[in-house]
Amino acid sequence: ETGVTQTPRHLVMGMTNKKSLKCEQHLGHNAMYWYKQSAKKPLELMFVYNFKEQTENNSVPSRFSPECPNSSHLFLHLHTLQPEDSALYLCASSRETSSPEQYFGPGTRLTVT
Amino acid sequence: GENVEQHPSTLSVQEGDSAVIKCTYSDSASNYFPWYKQELGKRPQLIIDIRSNVGEKKDQRIAVTLNKTAKHFSLHITETQPEDSAVYFCAAINDYKLSFGAGTTVTVRA
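Residues numbered from 1 in each chain as written. Chains lettered and ligands numbered in written order. Predicted model: local features only at pLDDT ≥ 70, side-chain atom pairs only at ≥ 80, totals over all residues. Heavy atoms only, no water.

On to the pairing of strand β6 (residues 56-59) of chain B, then. All names here are of chain B. Relative to strand β7 (residues 62-67), β6 is paired through four bridges, and the arrangement is antiparallel. Pairing of Asp59 across the sheet is with Ile62, part of β7. Linking β6 to β7, which pair antiparallel, is a turn of two residues; within it Gln60 sits at a positive phi near 55 degrees. (Pairing = 2+ DSSP bridges. Helix = DSSP H or I, 4+ residues; strand = E, 2+ residues; numbered from the N terminus.)

We now examine the sheet that holds strand β3 (residues 19-25) of chain B. Residues and elements named next belong to chain B. Taken in spatial order, the five strands of this open sheet run β1-β3-β8-β7-β6, and their pairing is antiparallel. A strand with exactly one partner marks an edge of an open sheet, and here the two such strands are β1 (4-7) and β6. Neighbour-to-neighbour, the strand axes of the sheet open up by a mean angle of 15 degrees, direction not taken into account. (Axes fitted to C-alpha atoms, helices over the stretch in contact; angles between N-to-C directions.)

The next thing to look at is the state of the cysteines. By the definition in use, this model includes two disulfides over all chains. Here A:Cys23 pairs with A:Cys91 through a disulfide, and the sulfurs are 1.9 Å apart. Looking down the S-S bond of the A:Cys23 and A:Cys91 bridge, the torsion is -70 degrees, so its handedness is left-handed. One end of the pair, A:Cys23, is in strand β3 (residues 18-25); the other, A:Cys91, is in strand β9 (residues 87-94), with 68 residues separating them in the sequence. The exposure classification of A:Cys23 matches that of A:Cys91, with both residues buried. The disulfide bridge from B:Cys23 ends at B:Cys90, spanning 2.0 Å between sulfur atoms. In this structure the cystine formed by B:Cys23 and B:Cys90 twists about its S-S bond by roughly -100 degrees; its chirality is therefore left-handed. Taken together, the residues span a long stretch of sequence, with B:Cys23 in strand β3 and B:Cys90 in strand β9 (residues 86-94) at a distance of 67 residues. (Disulfide = S-S within 2.5 Å. Buried < 20%, exposed > 50% of the residue type's maximum accessible area, 1.4 Å probe, protein only.)

Now for the interface of chain B and chain A. The interface is formed by 17 residues belonging to chain B together with 22 residues belonging to chain A. Roughly 1700 Å² of surface becomes buried between chain B and chain A when both sides are summed, with 55% attributable to carbon and sulfur atoms. Of all residues in chain B, B:Arg43, B:Tyr96 and B:Phe100 bury the most surface against chain A, accounting for 41% of the area lost on that side. There are one salt bridge connecting chain B and chain A. Note that A:Glu101 and B:Arg51 form a salt bridge whose closest N and O atoms lie 3.9 Å from each other. (Contact = heavy atoms within 4.5 Å. Buried area = accessible area lost by both parts, 1.4 Å probe. Salt bridge = Lys/Arg side-chain N within 4 Å of Asp/Glu carboxyl O.)

Moving on, we come to the packing of aromatic side chains. Going through the model one piece at a time under the given rule, you end up with 12 aromatic pairs over all chains. Residues B:Tyr25 and B:Phe33 carry aromatic rings whose centres are separated by 4.7 Å and whose planes lie at 45 degrees to one another, so their mutual orientation is tilted. Residue classification places B:Tyr25 among the buried residues on the basis of a relative accessible area of 6%. A residue is classified by how much of its surface remains accessible, and B:Phe33, at 0% relative accessible area, is buried. Put simply, the rings of A:Tyr33, A:Tyr35, A:Phe104, B:Tyr36, B:Phe89 and B:Phe100 pair up and form one aromatic cluster. (Phe/Tyr/Trp six-rings, centres within 6.5 Å; stacked < 30°, edge-to-face > 60°.)

What follows deals with the sheet that holds strand β7 (residues 64-70) of chain A. Residue and element names in this part refer to chain A. Spatially, four strands are ordered β1-β3-β8-β7 in an open sheet, and the strand pairing comes out antiparallel. Strand pairing shows two members of the sheet lacking a second neighbour, β1 (4-7) and β7, which therefore form its edges. Here the average twist between neighbouring strands, direction ignored, is 20 degrees. With seven bridges joining them, β3 and strand β8 (residues 73-79) adopt antiparallel strand pairing. Looking across to β8, one finds that Glu24 is bridged to His73.

Now for the side chain of A:Asn50. Here A:Asn50 lies in strand β5 (residues 44-50). Contacts of A:Asn50, omitting those with residues within four sequence positions, involve A:Asn30, A:Ala31, A:Thr55, A:Glu96 and A:Thr97.

Any link to function would need more than the numbers given here.
Here it is as structure tokens:
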């Protein structure tokens, strides 16, 4: 699959579990983003990475921990989540953070029980 | 920070009619306004965008208008078809941060 891919597509985890979401982009972009999409709410920007460096942490709780080992891969490590963290987590990429056009992955549907 | 408001939250139109979605933004420094379409269970996809130095842009059946003075922009879909049914998000970008509206669920009735 080309473009932006995310795994897993669906994840159910308990509040005491530790899991990770993975995002990979095949577009040669240098900027990557994590968004949270909850029902009836705007997409919320969580983290921004540019050339592997985190440039934005949008007041996200520490139970969400991002990792960007290179410009093509982005992870979101999850631990001790709450039921209200259940949402669709979308990864996106752009050429650089100064490039406004973002390309989204298909998302991971996360359910915290 | 930027605050984007989007109306209506739901819109039902008869096939062949037009649909209009309106958004307002708060930060006059925002300079790029994309629109995304998200079909059920799929990723948001950019369908059209407009930059702050342009007042109107059209691509086949969809068009966007921007009023910088009033800080609002709109999406117009003409001759709607069933495949236009989706959630549409407006967004405004300031620096590199995209701020999204809450979305409009458009349903095209056959």
